[in-house]
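Report on the structure
Each chain, letter by letter, is given below.
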Amino acid sequence: DVKVTQSSRYLVKRTGEKVFLECVQDMDHENMFWYRQDPGLGLRLIYFSYDVKMKEKGDIPEGYSVSREKKERFSLILESASTNQTSMYLCASSFSQIWRPPRDIQYFGAGTRLSVL
Amino acid sequence: TQLLEQSPQFLSIQEGENLTVYCNSSSVFSSLQWYRQEPGEGPVLLVTVVTGGEVKKLKRLTFQFGDARKDSSLHITAAQPGDTGLYLCAGRTGRRALTFGSGTRLQVQP
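**What about the interface of chain A and chain B?**
Tallying the contact residues gives 23 residues for chain A and 23 residues for chain B. For the pairing of chain A and chain B, the buried interface totals around 1800 Å² over both sides, and the portion due to carbon and sulfur atoms is 54%. Taken together, chain A and chain B are joined by 0 salt bridges. If you list the elements that add at least two residues to the side of chain A that touches chain B, you get strand S4 (31-38) and strand S5 (42-51) of chain A. Here the side of chain A that touches chain B gets 5 residues from one element, more than from any other, and that element is S5(A). Tallied by class, residues from the side of chain A that touches chain B come to 13 nonpolar, 6 polar and 4 charged.

**With respect to the state of the cysteines**
A complete count under the given rule lists 2 disulfides over all chains for this structure. Paired by a disulfide, A:Cys23 and A:Cys91 hold their sulfur atoms 1.9 Å apart. Disulfide A:Cys23-A:Cys91: torsion about the S-S bond near -75°, hence left-handed. Of this pair, A:Cys23 sits in strand S3 (residues 19-25) while A:Cys91 sits in strand S9 (residues 87-94), and the two are 68 residues apart along the sequence. Overall, the relative accessible area of 0% leaves A:Cys23 in the buried class. Overall, the relative accessible area of 0% leaves A:Cys91 in the buried class. Two residues, B:Cys23 and B:Cys89, share a disulfide whose sulfurs are 2.1 Å apart.

**Some points on the side chain of A:Ser87**
Residue and element names in this part refer to chain A. Tracing the chain through its elements places Ser87 in strand S9. Among the polar contacts listed, one links the side chain of Ser87 to the side chain of Asp38, at a separation of 2.8 Å. Those residues in contact with Ser87 that lie beyond four places of it in its chain are Arg36, Gln37, Asp38, Thr112, Arg113 and Leu114.

**As for the nonpolar core**
Of all hydrophobic cores here, the largest spans 21 residues; its most connected members are B:Leu19, B:Leu32, B:Trp34, B:Phe63, B:Leu74, B:Ile76 and B:Leu106. When contributions to this core are tallied by element, the ones reaching two or more residues are strand S3 (19-24), strand S4 (31-37), strand S5 (44-49), strand S7 (61-65), strand S8 (71-76), strand S9 (85-92) and strand S11 (104-109) of chain B. If near-sequence neighbours (up to four positions away) are discounted, B:Leu19 is found in contact with B:Leu11, B:Ile13, B:Leu74, B:His75, B:Ile76, B:Ala79 and B:Leu106. In terms of nonpolar packing, the next biggest core, distinct from the first, is built from 20 residues, A:Cys23, A:Met32, A:Tyr47 and A:Leu76 among them.

**Here's the deal with the sheet that holds S7(B)**
Residue and element names in this part refer to chain B. Here 5 strands make up an open sheet; going across it, the order is S1-S3-S8-S7-S6 and the pairing antiparallel. Each end of this open sheet is capped by a strand with a single partner; those strands are strand S1 (5-7) and strand S6 (55-58). The average angle at which neighbouring strand axes cross in this sheet is 15°, direction not considered. As defined by bridge partners, S1 adjoins S3 across 3 bridges and the pair is classed as antiparallel. The partner of Glu5 across the bridge, within S3, is Asn24.

**Examining the packing of aromatic side chains**
All told, the structure shown has 9 aromatic pairs over all chains when counted by the stated rule. Look at A:Tyr35 and A:Phe108: their rings are 5.7 Å apart centre to centre, the planes differ by 40°, and that puts the pair in the tilted class. Here A:Tyr35 is found in strand S4, whereas its partner A:Phe108 is found in strand S10 (residues 107-108), with 73 residues between them in sequence. You can call A:Tyr35 buried: its relative accessible area is 0%. Residue A:Phe108 is classed as buried on the basis of its relative accessible area, which comes to 12%. Through pairs of rings, three or more aromatic residues link up here, namely A:Phe33, A:Tyr35, A:Phe48, A:Phe108, B:Tyr35 and B:Phe100.

**So, the sheet that holds S3(A)**
Think of a sheet as strands paired side by side through backbone hydrogen bonds, with each pair either parallel or antiparallel. Residue and element names in this part refer to chain A. Read across the open sheet, the 4 strands follow the order S1-S3-S8-S7; overall the sheet is antiparallel. In this open sheet, the two strands that pair with only one neighbour each are strand S1 (4-6) and strand S7 (64-70). Ignoring strand direction, the axes of neighbouring strands in this sheet form an average angle of 20°. In the sheet, S7 pairs with strand S8 (residues 73-78) via 5 bridges, with the strands oriented antiparallel. The residue bridging Ser65 from the neighbouring strand is Ile77, located in S8.

Here is what the cut-offs are and how they apply
- Residues numbered from 1 in each chain as written.
- Chains lettered and ligands numbered in written order.
- Predicted model: local features only at pLDDT ≥ 70, side-chain atom pairs only at ≥ 80, totals over all residues.
- Heavy atoms only, no water.
- Contact = heavy atoms within 4.5 Å.
- Buried area = accessible area lost by both parts, 1.4 Å probe.
- Salt bridge = Lys/Arg side-chain N within 4 Å of Asp/Glu carboxyl O.
- Helix = DSSP H or I, 4+ residues; strand = E, 2+ residues; numbered from the N terminus.
- Nonpolar A, V, L, I, M, F, W, Y, C, P; charged D, E, K, R; others polar.
- Disulfide = S-S within 2.5 Å.
- Buried < 20%, exposed > 50% of the residue type's maximum accessible area, 1.4 Å probe, protein only.
- Polar contact = N/O pair within 3.5 Å; in protein donor to acceptor, adjacent residues only side chain to side chain.
- Core = buried A, V, L, I, M, F, W, Y, C linked by side-chain atoms within 4.5 Å.
- Pairing = 2+ DSSP bridges.
- Axes fitted to C-alpha atoms, helices over the stretch in contact; angles between N-to-C directions.
- Phe/Tyr/Trp six-rings, centres within 6.5 Å; stacked < 30°, edge-to-face > 60°.

Here it is as structure tokens:
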């Protein structure tokens, strides 16, 4: 079974702190994604990576950065956490060749619920 | 602005009832997926539809992709408490990433 593991289920941080959210996948997937999920807004893409050291901005990248030094690991960084970044953060991974079903399945981690006080 | 609009946002029904969830957009998608998310978990893929007009069935769930590939529906027959969850549609427009809808939260009461 595909496994996407997010390092923390719950995090509480202070405003201005630097926050690292870690995600590891064990299926040798080329693509990895970070989303945030807020009630009534569905999932919004923050950043994604289609290869080691490669990244692309998603729809809401402001206030976030990412790092992908190894294929299996994708980190989301909040440089200076703010209260409006309180949210559920979901990591996902998939194969490349996304135009060829079923290779376009995204596998999700269980999420990290981040509270910024 | 949400590229994919889902309706209804919330649905609370009794066990055994039928329901339909809609996913609409002004954009054309090369494929559309439906995911279900249970509390405390990430979304899990239910189905991918690719061809306009396509209908796929998964036990009591029927998925339809619109002829113009701009909309989709999910119909559940004889809903059960185990169907409770957040249903998300997600469309692909050629980018590497998916665009997700706003979600429909379904509660099936026993």
